[in-house]
Amino acid sequence: MSGLLTTLLVILVFVIIYQIGKASEYASMMRGEEQSRYRTNKVLATLLAGFFVLGLYGIWICHQYFQDKLLPVSASATGVSYDSMFNVTVVVTGVVFLATQALLFWFTFRYQSTENRASFYFPHSNTLEILWTTVPAIAMAILVAIGLKNWMTVTSPAPANAKVIEIVGKQFNWIVRYPGADNELGKRDFRKIDNANNVLGLDWTDPHNMDDVIAQNGELHLVVNKPVKLLIGSRDVIHDVGLPHFRLKMDAVPGITTTLWLTPTITTDSMKIITKNPNFVYEISCDQICGKGHYAMRGTVIVQTQAEYDKWLSEQKSYYATNNAPAAPAEAPKDAAKIDSTKVTIK
Ligand SMILES: [Cu+2]
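Residues numbered from 1 in each chain as written. Predicted model: local features only at pLDDT ≥ 70, side-chain atom pairs only at ≥ 80, totals over all residues. Heavy atoms only, no water.

Engineer: Would you explain the overall build of the chain in this entry?
Structural biologist: A count of helices and strands for the chain gives eight helices and ten strands. When the backbone C-alpha atoms are referred to their principal axes, the chain occupies close to 110 × 60 × 40 Å. For the chain, restricting intrachain contacts to residue pairs at least 6 apart in sequence, the fraction spanning at least 24 positions comes to 69%. With the model as given, the accessible surface of the chain reaches about 22,700 Å², and the carbon-plus-sulfur share is 66%. For the chain, the centre of its 31 positive side-chain charges and the centre of its 29 negative side-chain charges are spaced 5 Å apart. (Helix = DSSP H or I, 4+ residues; strand = E, 2+ residues; numbered from the N terminus. Contact = heavy atoms within 4.5 Å. Areas by Shrake-Rupley, 256 points an atom, 1.4 Å probe, with all protein chains shown as cover. Lys, Arg positive; Asp, Glu negative; His and termini not counted. Charge placed at Lys NZ, Arg CZ, Asp CG, Glu CD.)

Here is the structure:
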């Protein structure tokens, strides 16, 4: 019923607008067609000029309103070049946008049709055509060249001394694996994945796995000014390791390993001072809508000094030790004896 009433109301509004239009048409015929047209032109030209000023004010207001929501200074070396590219692009396109819009609205106002001026017939100019084709083409080519240079840097192979850390997405959190004292991640096989005690399917026959540390609290610990190579994977659907503060992102695709390398340049503590926000955290956002718990995939990156990182890592138990720990002897002496024979000597 309310739907029918709304439809009738809309039709009624249209009829009223149509009738008002017709009435003003008859009125203008009585007043003189030409005079009325010039008056309408004048009103429209003034309204358009007002619209332009209002638009500029809107841009300014948006800028003020969202300024504190912009990202702080980039926390990675590649991010600094990315920011400079972004700024150059915004300035170039911004200047062109403002200039063309100002001209457009100025022309409608300044050259509105009046009784003293006939329109100027200007069908074609080769010079102008060449000018407004080549200048934007050159500008775009320069912007693309800067972009390609940055892309090559971001996708270049990681430095040889980069620390390798694995980050795997699953519905719905991040699992991060750090190499232990041997500085090498062991092999894993998706067929060995067990949610209870082997979330990444580590192959226990590979000795490199014995000291690997796995964190499932969504935290990624990195050392400041040390390159790190992320091995990115997914256990189910496509996720994405989004690192907005480092201006980087990379898809986590099931079945293949993608990589991303970066050198964090500002510790979390320093960034708290820079942003004047004592609660500042670097964020890992899953940048693919990966299911109904997608929102829960917000992780954090903790950038710390080498000493802080070493201290933190030394406090972590290896995933092997946590999940293959000997049972208490009083409860199951037989099992304890069996596990003893596997020589669990890892830390
Ligand atoms: Cu996700």
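Engineer: Whenever I open this one, the sheet that holds strand S1 (residues 163-170) confuses me. Can you help?
Structural biologist: In a beta sheet, neighbouring strands are held together by backbone hydrogen bonds and run either parallel or antiparallel to one another. Spatially, S3-S2-S1-S5-S8 is the arrangement adopted by the five strands of the open sheet, whose pairing is mixed. In this open sheet, the two strands that pair with only one neighbour each are strand S3 (213-215) and strand S8 (258-262). Neighbour-to-neighbour, the strand axes of the sheet open up by a mean angle of 25 degrees, direction not taken into account. With five bridges joining them, strand S5 (residues 228-234) and S8 adopt antiparallel strand pairing. Across the sheet, Leu 231 pairs through a bridge with Thr 259, a residue of S8. Against the sheet, helix H6 (residues 306-314) contacts S1, strand S2 (173-178) and S3, and its axis sits at roughly 100 degrees relative to S2. (Pairing = 2+ DSSP bridges. Axes fitted to C-alpha atoms, helices over the stretch in contact; angles between N-to-C directions.)

Engineer: What is the right way to look at helix H3 (residues 77-110) in this model?
Structural biologist: Between its first and last C-alpha atoms H3 spans 49 Å; for 34 residues at 1.5 Å apiece the expected length is 50 Å, and the two agree. Its buried side turned inward, H3 meets helix H2 (33-66), helix H4 (126-155) and strand S7 (248-252). (Expected span 1.5 Å × (residues − 1).)

Engineer: I would appreciate a short explanation of the coordination of the copper ion in the present structure.
Structural biologist: Each pair of donors in an ideal four-coordinate tetrahedral metal site encloses 109.5 degrees, whereas pairs in an ideal six-coordinate octahedral site enclose 90 or 180 degrees. Donor atoms from the polypeptide that coordinate the copper ion comprise His 239 (ND1), Cys 286 (SG), Cys 290 (SG) and Met 297 (SD), at 2.1 to 2.4 Å from the metal. Around the copper ion, the four donor atoms sit at angles spanning 88 to 123 degrees, and that spread fits a shape best called tetrahedral. For the copper ion, the single-chain donor residues occur in sequence as H-x46-C-x3-C-x6-M. With His 239 in strand S6 (residues 239-243) and Cys 290 in the loop between strand S9 (282-286) and strand S10 (299-304), the pair connects residues that are 51 residues apart, well separated along the chain. (Donors = N, O, S within 2.8 Å, 3.2 Å for Na, K, Ca; no water. Tetrahedral: all angles 85-135°; square planar, octahedral: opposite > 155°, others 65-115°.)

Engineer: Help me out: how do you make sense of the packing of H2 against H3 in this one?
Structural biologist: The description of two helices packed together rests on the angle between their axes and the distance between the axes. Following both chains from N to C, one finds H2 and H3 inclined at 160 degrees, their axes separated by 8 Å at the closest point. One finds that H2 runs roughly antiparallel with respect to H3. You can see that H2 and H3 cross each other, and the crossing is left-handed. When H2 is examined against H3, the residues Ala 45, Thr 46, Leu 48, Ala 49, Phe 51, Phe 52, Leu 56 and Ile 59 are found in contact with a partner set consisting of Phe 97, Leu 98, Gln 101, Ala 102, Phe 105, Thr 108 and Phe 109. Considering only residue class, the contact of H2 with H3 consists of twelve nonpolar, three polar and no charged. (Parallel < 35°, antiparallel > 145°, perpendicular 65-115°, else oblique. Left-handed = near helix turned anticlockwise from the far one by under 90°. Nonpolar A, V, L, I, M, F, W, Y, C, P; charged D, E, K, R; others polar.)

Engineer: Can you help me understand the confidence of the model for the chain in this one?
Structural biologist: Keep in mind that low pLDDT regions are not for reading the predicted coordinates in detail. Taken as a whole, the chain shows an average pLDDT of 85; of its residues, 92% reach a score of 70 or greater. In the predicted structure, residues 327-347 sits below a pLDDT of 50 and forms 15 contacts with residues beyond four places in sequence or in another chain. (pLDDT = per-residue confidence, 0-100.)

Engineer: It is not clear to me how H6 should be interpreted in this structure. Could you clarify?
Structural biologist: One full turn of an α-helix is made of 3.6 residues, so residues set three or four places apart face in the same direction. Residues of H6 that are buried: Tyr 309, Trp 312 and Leu 313. Take H6 and look down its axis: the buried residues cluster within an arc of 95 degrees, on one side only. The outward face of H6, more than 90 degrees from its buried face, is lined by the exposed residues Ala 307, Lys 311 and Ser 314. Where H6 is buried, its residues touch S1, S2, S3, strand S4 (219-223) and S10. (Buried < 20%, exposed > 50% of the residue type's maximum accessible area, 1.4 Å probe, protein only. Arc of directions from axis to C-beta.)

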